[in-house]
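# Summary of structural features
Here's the letter readout for the chains.
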Amino acid sequence: MTDTPADAFPITIYHNPDCGTSRNTLAMLVAAGYAPAVVEYRKTGWTVPQLTQLLADMGAGPRAVLRDKGTPAAELGLLDPAVSDAALLAAMVAHPILVNRPIVVTPRGTRLCRPSERVLELIDRPLPDFVKEDGEVVRAAPDSTG
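Below you will find a few notes about this structure. This structure is a prediction, so every number in the text was calculated from the model and none was measured.

### Concerning the sheet that holds strand β1 (residues 12-15)
One open sheet holds the four strands; their spatial order is β2-β1-β3-β4, and the pairing between them is mixed. Edge positions in the open sheet fall to β2 (37-40) and β4 (109-112), since each of these has one partner strand only. Pairwise comparison of adjacent strand axes, ignoring direction, gives a mean angle of 15° for this sheet. The strands that helix α1 (residues 20-31) touches are β1, β2 and β3 (103-106); relative to β1, the one it contacts most, it runs at about 160°. Running at roughly 100° to β4, helix α3 (residues 48-58) makes contact with β1, β3 and β4 of the sheet.

Below you can see the structure in the form of structure tokens.
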């Protein structure tokens, strides 16, 4: 199963290298034998169509991925429930850090992978036992794909 070409199961991770959860998620993908496309969204930024598509694929609205910790969300007034989705998307484009991370896209779906173990729902190979940065062990699950 690990000899599947990378393009047969493409993976993209919208990644923040300063985030432990994002680093753990990326490391889990690599440990499972993938070479995901890594998009450092704080450098590349977002577009409204891109975010709209990711959110549609997740079945979520912008508030579901709005990050308030360590961001200007409160100062910008974005935590008010009356703020429209359009205003949230515009703020996320202007301030990419407002989008929570990591978001992972695979043929199995698109998810905000918090906690990092949520990525296991999106891959088609088992993850070997894995030790996260904080020392927590993620045990390999039996292969239920075949």
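This is not the end of the story, as more comes after the structure.
### Overview of the pattern of salt bridges
Applying the stated criterion across every chain yields a total of eight salt bridges. Between Glu117 and Lys132 there is a salt bridge; the shortest N-O distance is 3.0 Å. Here Lys132 lies in the loop between β5 (130-131) and β6 (137-138) and Glu117 lies in the loop between β4 and β5, a separation of 15 residues in the sequence. Across the pair, exposure class does not vary: Glu117 and Lys132 are buried alike. The residue Glu136 makes a salt bridge to Lys132 at a minimum N-O spacing of 3.3 Å. A cluster of three or more residues bridged by salt bridges with shared partners is formed by Arg111, Arg118 and Glu121.

### What to know about the pairing of β3
Of the pairings in the sheet, the one linking β1 to β3 comprises three bridges and is antiparallel in character. Bridging across to β3, Thr12 finds its partner in Val105. Relative to β4, β3 runs antiparallel, the two being bridged by four bridges. Note that in β4 the partner of Val104 across the bridge is Arg111. The hairpin formed by β3 and β4 contains two residues between the paired strands.

### Quick notes on the packing of α3 against helix α4 (residues 85-94)
Two numbers describe how α3 lies on α4: the axes approach to 9 Å, and their chain directions differ by 120°. One element, α3, and the other, α4, form an angle in the oblique class. Read as a crossing pair, α3 and α4 show a hand that is right-handed. Taking contact as the criterion, the partners of Val48, Leu51, Thr52 and Leu55 in α3 are, on α4, Leu89, Met92 and Val93. For the contact of α3 with α4, the per-class residue count stands at six nonpolar, one polar and no charged.

### Things to note about the nonpolar core
Note that soluble globular proteins tend to have their nonpolar side chains buried in a common cluster. Ranked by internal contacts, the top residues of the largest apolar core, which has 20 residues, are Val65, Leu78, Met92 and Ile103. Elements with a minimum of two residues in this core: α3 and α4. Ignoring any residue separated from it by four or fewer positions in sequence, one finds Ile103 in contact with Thr12, Ile13, Tyr14, Leu54, Met58, Val65, Thr110, Arg111 and Leu112. In this structure, Ile11, Leu26, Met28 and Leu127 belong to the second largest nonpolar core, which totals 16 residues.

### Digging into the side chain of Lys132
Residue classification places Lys132 among the buried positions, given a relative accessible area of 11%. In this structure, Lys132 is in contact with Asn24, Met28, Ser116, Glu117 and Val138, ignoring residues within four places of it in sequence.

Cut-offs applied
- Starting afresh in each chain, residues are numbered from 1 along the sequence in its written order.
- Reporting of local features is limited, given that this is a predicted model, to residues whose pLDDT is at least 70; pairs of side-chain atoms are given and counted only at 80 or more, and all residues count toward the totals for whole chains, interfaces and linings.
- Only hydrogens and water are removed before side-chain values are computed, so all heavy atoms of the structure are retained for them.
- Following DSSP output, two strands are said to pair if at least two bridges run between them.
- Under the DSSP-based scheme used, a helix requires at least four consecutive residues in state H or I and a strand at least two consecutive residues in state E, with every element numbered from the N terminus.
- Lines fitted to the C-alpha atoms define the axes, with helices restricted to the stretch that makes contact. Angles between their N-to-C directions range from 0 to 180 degrees.
- The contact rule is simple, with two residues in contact once any of their heavy atoms fall within 4.5 Å.
- Take a side-chain nitrogen of Lys or Arg and a carboxyl oxygen of Asp or Glu: if they are within 4 Å of each other, that pair is a salt bridge.
- Think of it in three bands: with a 1.4 Å probe and only protein chains considered, a residue is buried below 20% of the maximum accessible area for its type, exposed above 50%, and partly exposed in between.
- Angle categories: roughly parallel below 35 degrees, roughly antiparallel above 145, roughly perpendicular from 65 to 115, and oblique for all the rest.
- The handedness criterion is simple: a crossing whose near helix is rotated anticlockwise from the far helix by less than a right angle is left-handed, and one whose near helix is rotated clockwise is right-handed.
- Each residue gets one label: Ala, Val, Leu, Ile, Met, Phe, Trp, Tyr, Cys and Pro are nonpolar, Asp, Glu, Lys and Arg are charged, and the others, such as Gly, are polar.
- To qualify as a nonpolar core, a set must consist of buried Ala, Val, Leu, Ile, Met, Phe, Trp, Tyr and Cys residues joined through side-chain atoms within 4.5 Å.

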